[in-house]
Amino acid sequence: MSTTEATQGLALPAEAAPPRRAGGSDRVAHAILLLGVVLFALPLWIVLMGSTHDAATIGRGEVPLLPGGHAVENYTAAWQRGGAGVPGGRMLWNSTVMALSIALGKIAISIISAYAVVFFRFPFRKAAFWSIFITLMLPVEVRIFPTFKVVSDLGMVNTYAGLIIPVIASATATLLFRQFFMTIPDEFVEAAKMDGAGPLRFFWDVVLPLSRTNMAALFVILFVYGWNQYLWPLLVATSADVETVVIGMVKMIGSEANTEWNIVMATCVLALLPPVAVVILMQRWFVKGLTETEK
Amino acid sequence: MATLELSAIRKSFGPVEVLHGVDLAVADGEMIVIVGASGCGKSTLLRIAAGLEIPSQGRVRIAGRDVTALEPADRDIAMVFQNYALYPHMSVAQNMGYGLKIRGLPRAEIDRRVREAAALLGIEALLDRRPRQLSGGQRQRVAMGRAIVREPKLFLFDEPLSNLDAKLRVQMRAEIRRLQRRLGVTSLFVTHDQVEAMTLGDRLVVMHQGHAAQVATPMEIWAKPADTYVAGFIGSPAMNFLKGRLTEGGRAVALEAGPTIRFADGPRPGPEGLPLTIGIRPEHVRAEAGGLALTLTLDLVEPLGSEAVLHGRLPNGEALVVKLAGPGPRDGTLPVALPAEALHVFVAEGGRRLDPAGG
Ligand SMILES: Nc1ncnc2c1ncn2[C@@H]1O[C@H](COP(=O)(O)OP(=O)(O)O)[C@@H](O)[C@H]1O
Ligand SMILES: [Mg+2]
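Position labels on residues start from 1 in each chain and follow its written sequence. Each chain is given a letter, starting from A, and each ligand a number, starting from 1, according to the order in which they appear as written. Thresholds applied to this predicted model are a pLDDT of at least 70 for local features of residues and 80 or more for the giving and counting of side-chain atom pairs; totals over whole chains, interfaces and linings are not thresholded and use all residues. Hydrogens are left out, water is left out, and the side-chain values use all remaining heavy atoms of the structure.

1. Re the overall build of chain A
1) Next: When you go through chain A residue by residue, the secondary structure sums to 15 helices and zero strands.
2) Next: Buried residues are those whose accessible area, probed at 1.4 Å on protein chains only, stays under 20% of the maximum for their type, while exposed residues exceed 50% and partly exposed ones sit between those limits. Evaluated residue by residue, chain A yields a buried proportion of 39% over its 295 residues.
3) Next: Contact criterion: two residues are considered in contact whenever any of their non-hydrogen atoms come within 4.5 Å of each other. Nonlocal contacts in chain A, meaning residues at least 24 apart in sequence, comprise 74% of its contacts between residues at least 6 apart.
4) Next: Accessible area of chain A: about 16600 Å², with a carbon and sulfur share of 72%. Here a strand is any run of E in DSSP of at least two residues, a helix any run of H or I of at least four, and the numbering for each starts at the N terminus. Residue exposure ignores everything except the shown protein chains as possible cover, and the areas themselves are Shrake-Rupley values with a 1.4 Å probe.

2. Section: the sheet that holds strand β15 (residues 294-303) of chain B
Backbone hydrogen bonds hold the strands of a sheet together, and the pairing may be parallel or antiparallel.
Residue and element names in this part refer to chain B.
1) Next: The rule for pairing is simple: two strands pair if DSSP sees at least two bridges between them. Reading across from one edge, β17-β16-β15-β18 is the order of the four strands in this open sheet, with antiparallel pairing throughout. Strand pairing shows two members of the sheet lacking a second neighbour, β17 (319-325) and β18 (333-336), which therefore form its edges. Averaged over all pairs of adjacent strands, the angle between strand axes in this sheet comes to 45°, irrespective of strand direction.
2) Next: As defined by bridge partners, strand β16 (residues 307-313) adjoins β17 across seven bridges and the pair is classed as antiparallel. The residue of β17 that forms the bridge with Gly-312 is Leu-320. What counts as an axis is a line fitted to C-alpha atoms, over the stretch in contact for a helix, and the angles between N-to-C directions run from 0 to 180 degrees.

3. As for the domain arrangement of chain A
All names here are of chain A.
1) Next: Entries for chain A in the domain assignment read domain 1 (26-69) and domain 2 (84-292).
2) Next: By convention here, the domain bounds are inherited from an automatic or database domain assignment. Computed from C-alpha atoms alone, the centre-to-centre distance between domain 1 and domain 2 is 33 Å.
3) Next: Contacts between the two partners involve 10 residues from domain 1, matched on the other side by seven residues from domain 2.
4) Next: Of all residues in domain 1, Val-47, Ser-51 and Ile-58 bury the most surface against domain 2, accounting for 56% of the area lost on that side.
5) Next: The rule for a salt bridge is simple: a side-chain nitrogen of Lys or Arg has to be within 4 Å of a carboxyl oxygen of Asp or Glu. One can count zero salt bridges joining domain 1 with domain 2.
6) Next: Each polar contact in these results corresponds to two N or O atoms within 3.5 Å; when the atoms are within protein, one needs to be able to donate a hydrogen and the other to accept it, and residues that are neighboring in sequence are counted only if both atoms are side-chain atoms. Between the two partners, domain 1 and domain 2, sit zero residue pairs in polar contact (both at pLDDT 80 or more). Two parts placed together each lose some accessible area; with a 1.4 Å probe, that loss summed over both constitutes the buried area.

4. So, the site of ligand 1
Residue and element names in this part refer to chain B.
1) Next: For this description, a residue counts as near a given molecule or strand if any of its non-hydrogen atoms is within 4 Å of it. Around ligand 1, the surrounding shell consists of Phe-13, Val-18, Ala-37, Ser-38, Gly-39, Cys-40, Gly-41, Lys-42, Ser-43 and Thr-44.
2) Next: One of the backbone nitrogen or oxygen atoms of Gly-39 is found 2.6 Å away from an oxygen atom of ligand 1.
3) Next: One of the side-chain nitrogen or oxygen atoms of Thr-44 is found 2.5 Å away from an oxygen atom of ligand 1.
4) Next: In the complex, 56% of the free accessible area of ligand 1, which totals 560 Å², lies under the protein chains.
5) Next: In terms of residue count, the dominant contributor to the shell around ligand 1 is helix α1 (residues 42-50) (three residues).
6) Next: Classes in brief: Ala, Val, Leu, Ile, Met, Phe, Trp, Tyr, Cys and Pro nonpolar; Asp, Glu, Lys and Arg charged; the others, Gly included, polar. Of the residues contributing to the shell around ligand 1, the split by class is four nonpolar, five polar and one charged.

5. Brief notes about the environment of Met265(A)
1) Next: Note that Met265(A) resides in helix α15 (residues 261-292).
2) Next: For the pair Met265(A) and Ser170(A), spaced 95 residues apart in the sequence, the C-alpha separation amounts to 33 Å.

6. Examining the UniProt feature "domain: ABC transporter" (unreviewed entry) in chain B
1) Next: Feature annotation in UniProt assigns "domain: ABC transporter" (unreviewed entry) to the following positions: residues 4-234 of chain B.
2) Next: The span residues 4-234 of chain B is 37% helix and 27% strand, and its two end C-alpha atoms sit 25 Å from each other. UniProt positions are given in the numbering used here, feature names are shortened, and annotations may be inferred rather than shown by experiment.

7. Details of the pattern of salt bridges
Residues and elements named next belong to chain B.
1) Next: Evaluated as defined, the whole model comprises 24 salt bridges over all chains.
2) Next: Note that Glu-151 is salt-bridged to Arg-113, the shortest N-O span being 3.6 Å. In this pair, Glu-151 is assigned in the loop between α4 (136-148) and β7 (154-158) and Arg-113 in helix α3 (residues 107-121), connecting sequence segments 38 residues apart.
3) Next: Overall, the relative accessible area of 13% leaves Arg-113 in the buried class.
4) Next: Connected through salt bridges with shared partners, the residues Glu-109, Arg-112, Arg-113, Glu-116 and Glu-151 form a single ionic network.

8. Thoughts on the domain arrangement of chain B
Residue and element names in this part refer to chain B.
1) Next: Domain boundaries assigned for chain B yield domain 1 (4-225) and domain 2 (237-347).
2) Next: The distance between the C-alpha centroids of domain 1 and domain 2 comes to 39 Å.
3) Next: Listed by partner, the interface residues are four residues for domain 1 and six residues for domain 2.
4) Next: Summed over both sides, the interface between domain 1 and domain 2 buries roughly 350 Å², with carbon and sulfur atoms accounting for 57% of that surface.
5) Next: When the buried surface of domain 1 facing domain 2 is broken down by residue, Trp-222, Ala-223 and Pro-225 rank first, second and third, together holding 99% of it.
6) Next: The tally of links from domain 1 across to domain 2 stands at one residue pair in polar contact (both at pLDDT 80 or more).
7) Next: A class-by-class count of the residues in the side of domain 1 that touches domain 2 yields four nonpolar, no polar and no charged.

9. Regarding the interface of chain B and chain A
1) Next: Each partner contributes residues to the interface: chain B has 25 residues there, and chain A has 20 residues.
2) Next: Between Arg47(B) and Glu190(A) there is a salt bridge whose closest N-O contact spans 2.6 Å.
3) Next: Connecting chain B to chain A are nine residue pairs in polar contact (both at pLDDT 80 or more).
4) Next: Of all elements in the fold, only α1, β6 (77-80) and α2 (92-103) of chain B reach the threshold of two or more residues within the side of chain B that touches chain A.
5) Next: Sort the elements by how many residues they give to the side of chain B that touches chain A and α2(B) lands first, with four residues.
6) Next: Looking at the side of chain B that touches chain A, its residues break down into 15 nonpolar, four polar and six charged.

10. Quick look at the nonpolar core
1) Next: Take the buried residues of types Ala, Val, Leu, Ile, Met, Phe, Trp, Tyr and Cys, join any two whose side-chain atoms come within 4.5 Å, and each joined set is a nonpolar core. With 82 residues, the main nonpolar core has Phe119(A), Phe181(A), Phe202(A), Leu4(B), Leu156(B) and Leu188(B) as its most contacted residues.
2) Next: Looking at this core, the element that brings in the most residues is helix α5 (residues 88-119) of chain A, giving 10 residues.
3) Next: Residues in contact with Phe181(A), not counting those within four places in the same chain, are Ile111(A), Ala114(A), Tyr115(A), Val118(A), Phe119(A), Val207(A) and Ser211(A).
4) Next: Counting residues in each nonpolar core, the second largest holds 44 residues, with Ala147(B), Leu200(B), Ala213(B) and Ala216(B) among its members.

11. Concerning the side chain of Glu243(A)
1) Next: In this structure, Glu243(A) sits in the loop between α13 (231-236) and α14 (245-255).
2) Next: Those residues in contact with Glu243(A) that lie beyond four places of it in its chain are Val86(A), Met91(A), Asn94(A), Gly248(A) and Lys251(A).

Take a look at the structure:
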């Protein structure tokens, strides 16, 4: 304690010591920073404010910068009625199911694949690894038509399964887990063998707990990825039952001439909340994982 | 309690054979130390005993039962790893009890055994900590504890002390020895450190390039090394080797460095003129002038307080190291004598020890 205080005490004069730069360049730097903040934050602010005004205000072409009095009304409408026939609540639910399933599914599948590739010796192990690796170069867009054909032949159009399963394998996540597993010392594997832990126990009792941090980080990334999916849901989710919020918003804007901008903006704010919540919640878990485990 | 028997163990990794037929019988309660230079196959041999490697040929028996094909967990053994291999996300108690939990022992029994082992090792206070909150010595103890709770037939140690600083190493060495005696568990201990080997082992296995060069008690190995490799490996500073030839019908050696010395313990079998390697430990060389004295030209003197290690050259250019009591001379030359009773005789080709005929 005393040493940190001492160094902190020392830091103050040291900070003051460098000669002050000309006020002008300081101000320029601040101006640029401010501009950056405005560029990022202003659209968000406008959406947030717009969602609290009535349709007429925005219809007149005004860009409100202060809160209006219609927040409750707009959000209720967005949640219950939606803009293009599907209630916002329903779309949010669909998006949540899709994003959660994609994130969890990708983690589950890739961690198991990586476990097999790293810890087991079996014929064509290298081939298996390389074929996973190569799919990195094949994003959804490249294989979208054949995939659609398969999904529709299987009758999975307009189902959750159709939304989720075609994108549930992740080469990236598999490779990340593989890299991590390769840093797990062989001695752990051997100690587990001595302890009598079979492959499943070792996976469950050692590998999974050690991977918590990695899983948390990946979950954040994959949830946001899943939430923001656009092209695939656009093709495969055409009925109201499975329409996601991202698709729904596009439809609201595109379908009618008299777009209810206040409802669009309220939906937009609602659509922002889950990914933000996941980032914030998982951030804490992520840091906790970092401080509690080490190899 | 149990015996361990390794017979004709061979092991190849791909085309490379790293163990060329090793035999070893460990008696009940005995502590055997496998010592040798890095890469000679010590760990491989230990891992074969553990079941972590399958021998290409040969059998492993524990307590008379052939376990060659058994999984490590089914061999009733425990191993202490060089880096301890403590699971970082488990507490000390969980680490120690994990193997028992998998075996399905009741919780109360696991608890009791963990507590007992912890008391034995003086780590009761650490049971709730995580491995990273422990010092190196404490981790070492936990790793030992994990082995002890299993009450195994056999302890296996793979260089468990090499990650500790010198002082702690000496302390833990003594502790392991005491513990092993007390528990009476048959043990196999791998190290590359000859001091560790000499102090820990009831018997040593000196490994050299995949062979067991000698299996014997520490004193036997020191007094009667089986070949020049063992002779040079055990003892510090290392044994001196001088070239010579068998002469006088096997009764003496004619050293290239000059004198002919009669063997104190009887004639050696072999043809006249057989090239020999004569070994003598630095502490056995005497600094004295006399009939058979050689002149040693010093090139380095290492004073160690109560003794000094002198490095020098004999007239024929061969190097000789001498350890003397007292501070020793600074430099210059020194008359030295090689006492006949301290000589070790090896055949130059192959380096095998040559003992007196019938002796
Ligand atoms: N899994 C393995 N694959 C290939 N070679 C190995 C393997 N394990 C050990 N070796 C080789 O076997 C030899 C002996 O290794 P090891 O038993 O670890 O030596 P030591 O423990 O005496 O230092 C070394 O040359 C090493 O490179
Ligand atoms: Mg080794």
